[in-house]
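Residues per chain are reported as follows:
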Amino acid sequence: PPVSTAIIGAGIAGLACAQALKDAGLPVCLFDKGRAAGGRMSSRHLQDAEVDLGAQFFSVRDPAFHRQVSAWQEAGHVATWPHSFWQISESGWQRHHDEVERFIGTPRMSAVPRQLAEGLEVVCETRIERLEAQEDQWWLLDERRQRHGPFARVVIAIPTPQAAALLADHAPALAEECEAVIQRPCWAAWARFDTAMPALPGVDDDWQAVRLDPDQERAPAADPLRFVSRNDHKPGRRGQGESLSLLARLEWSETHLTLDAESVARELLEAFRQRLPGGATLPEPSDLGAHLWRYAQPNVFAAGEAVNLDYRRTAMGLALCGDAWRGPRVEDAWLSGHHLGEALSADAP
Ligand code: FAD
């Protein structure tokens, strides 16, 4: 029979790996602890609003990813965004200009991984806690002590601290390599409003996203906020209720890990209020909350830095992929999974 592969983690990396294996005609099954595929490309469904809580947009540099994104764009799963991009610095609100083309999932960021997951076998709400080797075959044990398998190969596509735990008994050197990757935390909040946003003096009414003090050196360490986006001004979401996504700085997140979610959301919204131009005010939110990403962003590679091998493999049929092996972005995660999937397909008997 053809070589079967289990993939633990159905984020964009695990999904890209699965797609490459499937394209090569090989059987593959994904497992994810979440309610659906997507991982950090996640969106939250509020009463009448879709709110992106993980990746806010992504850019494209690599030709293979470019081909993939063009196909998504043609099929209507992604669109370019934002078209009105601002930044706040000491001198106030200014239009943010650069040459980078950015994309977002439509009608929500999670539409991208959901679309990839279609046609793949994905077992959700299943946290894999242990791997067992038995005569050249692998079995996966979940939190309900259920066994899944056997599989000839196992791909681990989850954040490195969680991968280390699965590898400890089987590949201690690789587990150590995982532990050496620091994954920094990030608080992501949402605020939903029943009333429309007020006009901001000097800013167009259709402003879509704003970066705060991108020049980190000048930003005081105590400053909580990094990025704000307007969800109802994203492609495919017109007519939804007014809502903001507010991302915290990583430094601030690290020092506020134990703060409760509602206080985090209030602090981030207050920080934004204080930076509104010309004395503008925000309405009171009708819904407010926050999510802590414990492993939001790997700290090892600077974006764009050359990487020799953006995945790991062992002789025993274990392999690793994900953003930790390449860089802190959606494109890095996709490429890591895609390259591993191609390598595994190439040497399947
Ligand atoms: P993940 O998406 O984390 O996928 C791992 C999956 O594994 C998850 O679905 C999880 O549920 C599952 N899992 C974990 N443990 C287990 C287990 N034991 N058993 C079963 N399943 C398990 N990138 C950009 O390019 N642009 C941005 O603007 C941007 N902004 C970001 C903002 C935030 C707040 C965050 C958190 C990330 C941001 N990123 C951004 C980074 C980007 O989202 C990630 O690099 C990318 O999504 C990582 O994909 P992945 O598949 O490697 O990991």
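So, here's what we can say about the structure.

Definitions and limits used
- Residues numbered from 1 in each chain as written.
- Predicted model: local features only at pLDDT ≥ 70, side-chain atom pairs only at ≥ 80, totals over all residues.
- Heavy atoms only, no water.
- Helix = DSSP H or I, 4+ residues; strand = E, 2+ residues; numbered from the N terminus.
- Rg over C-alpha atoms; globule rule 2.2 N^0.38 Å.
- Buried < 20%, exposed > 50% of the residue type's maximum accessible area, 1.4 Å probe, protein only.
- Contact = heavy atoms within 4.5 Å.
- Areas by Shrake-Rupley, 256 points an atom, 1.4 Å probe, with all protein chains shown as cover.
- Lys, Arg positive; Asp, Glu negative; His and termini not counted.
- Charge placed at Lys NZ, Arg CZ, Asp CG, Glu CD.
- Pairing = 2+ DSSP bridges.
- Axes fitted to C-alpha atoms, helices over the stretch in contact; angles between N-to-C directions.
- Core = buried A, V, L, I, M, F, W, Y, C linked by side-chain atoms within 4.5 Å.
- Phe/Tyr/Trp six-rings, centres within 6.5 Å; stacked < 30°, edge-to-face > 60°.
- Lys NZ or Arg CZ within 6 Å of the ring centre and 35° of its normal.

A look at the overall build of the protein
When you go through the protein residue by residue, the secondary structure sums to eight helices and 21 strands. Its C-alpha atoms give the protein a radius of gyration of 21 Å, near enough to 20 Å, the size a compact globule of 349 residues would have. When the backbone C-alpha atoms are referred to their principal axes, the protein occupies close to 70 × 40 × 40 Å. Looking at the 349 residues of the protein, the share that counts as buried comes to 55%. The contacts of the protein with a sequence gap of at least 6 include a subset with a gap of at least 24, amounting to 69%. For the protein, the accessible area works out to roughly 15,600 Å², and carbon and sulfur atoms hold 48% of it. Of the side chains in the protein, 35 bear a positive and 49 a negative charge, and the two mean positions are spaced by 1 Å.

What about the sheet that holds strand β15 (residues 183-193)?
Read from one edge to the other, the open sheet built from seven strands follows the order β8-β7-β16-β17-β18-β15-β19, with strand pairing classed as mixed. Each edge of the sheet is formed by a strand with only one pairing partner; in this case those strands are β8 (92-95) and β19 (287-298). Averaged over all pairs of adjacent strands, the angle between strand axes in this sheet comes to 20 degrees, irrespective of strand direction. When β15 meets β19, the two strands line up antiparallel, connected through nine bridges. Within the sheet, the bridge partner assigned to W190 lies in β19 and is G289. Against the sheet, helix α7 (residues 261-274) touches β8, β15, β16 (209-212), β17 (225-230), β18 (242-248) and β19, its axis set at about 95 degrees to β19.

With respect to unusual backbone geometry
That bond from T106 to P107 is cis: its omega, 5 degrees, falls within 30 degrees of zero. Here the residue pair G149 and P150 is connected by a cis peptide bond, since its omega of 0 degrees sits within 30 degrees of zero. On the secondary structure map, P150 appears in strand β13 (residues 147-151). Positive phi outside glycine occurs at E125, with the angle close to 50 degrees. Accessibility expressed as a relative area gives 46% for E125, which makes it partly exposed. Non-glycine residue D136 carries a positive phi angle of around 65 degrees.

Here's the deal with the nonpolar core
It is characteristic of soluble globular proteins that their nonpolar side chains tend to be buried jointly. Core analysis: the largest hydrophobic core is formed by 58 residues, its most contacted members being I7, F58 and W72. If sequence neighbours within four positions are ignored, F58 has contacts with M41, F65, V69, W72, V78, E101, R102, F103, M109 and V330. Ranked by size, the runner-up nonpolar core spans 31 residues in total, among them W187, A189, L212 and V264.

Concerning the packing of aromatic side chains
Throughout the structure, instances matching the rule amount to 13 aromatic pairs. Ring plane angle 90 degrees and centroid distance 5.5 Å describe the contact between F57 and F227, whose orientation is recorded as edge-to-face. A residue pair is termed long-range when its members are at least 10 positions apart, and F57 in the loop between β4 (49-52) and β5 (58-59) and F227 in strand β17 qualify at 170 residues. Centre to centre, the rings of F58 and F103 are 6.1 Å apart; their planes meet at 25 degrees, and the pair counts as stacked. One end of the pair, F58, is in strand β5; the other, F103, is in strand β9 (residues 102-105), with 45 residues separating them in the sequence. Through pairs of rings, three or more aromatic residues link up here, namely F58, F65, W72, F103 and W334. In this arrangement the basic side chain of R102 is found over the ring face of F57, its NZ or CZ atom lying 5.1 Å from the centre. Against the face of W139 rests R147, its NZ or CZ located 4.3 Å from the ring centre.

A word on the sheet that holds strand β10 (residues 121-123)
With respect to topology, six strands assemble into an open sheet ordered β10-β2-β1-β14-β21-β20, the strand pairing being mixed. Each edge of the open sheet is held by one strand with a lone partner, namely β10 and β20 (312-313).

A closer look at the pairing of β18
Consecutive side chains of a regular strand alternate in pointing toward one face of the sheet and then the other. When you tally the buried positions in β18, you get seven out of seven residues, the bulk of the element. Alternating positions in β18 separate into two faces, E242, L244, L246 and A248 on one and S243, S245 and L247 on the other, with burial throughout. Pairing of β15 with β18 involves six bridges; the strand directions are antiparallel. Residue pairing for β18: A188 is matched across the bridge by L247. Two strands pair when backbone bridges link them, and β17 and β18 are joined in this way by five bridges, in the antiparallel orientation. Bridged to S229 within β18 is S245.

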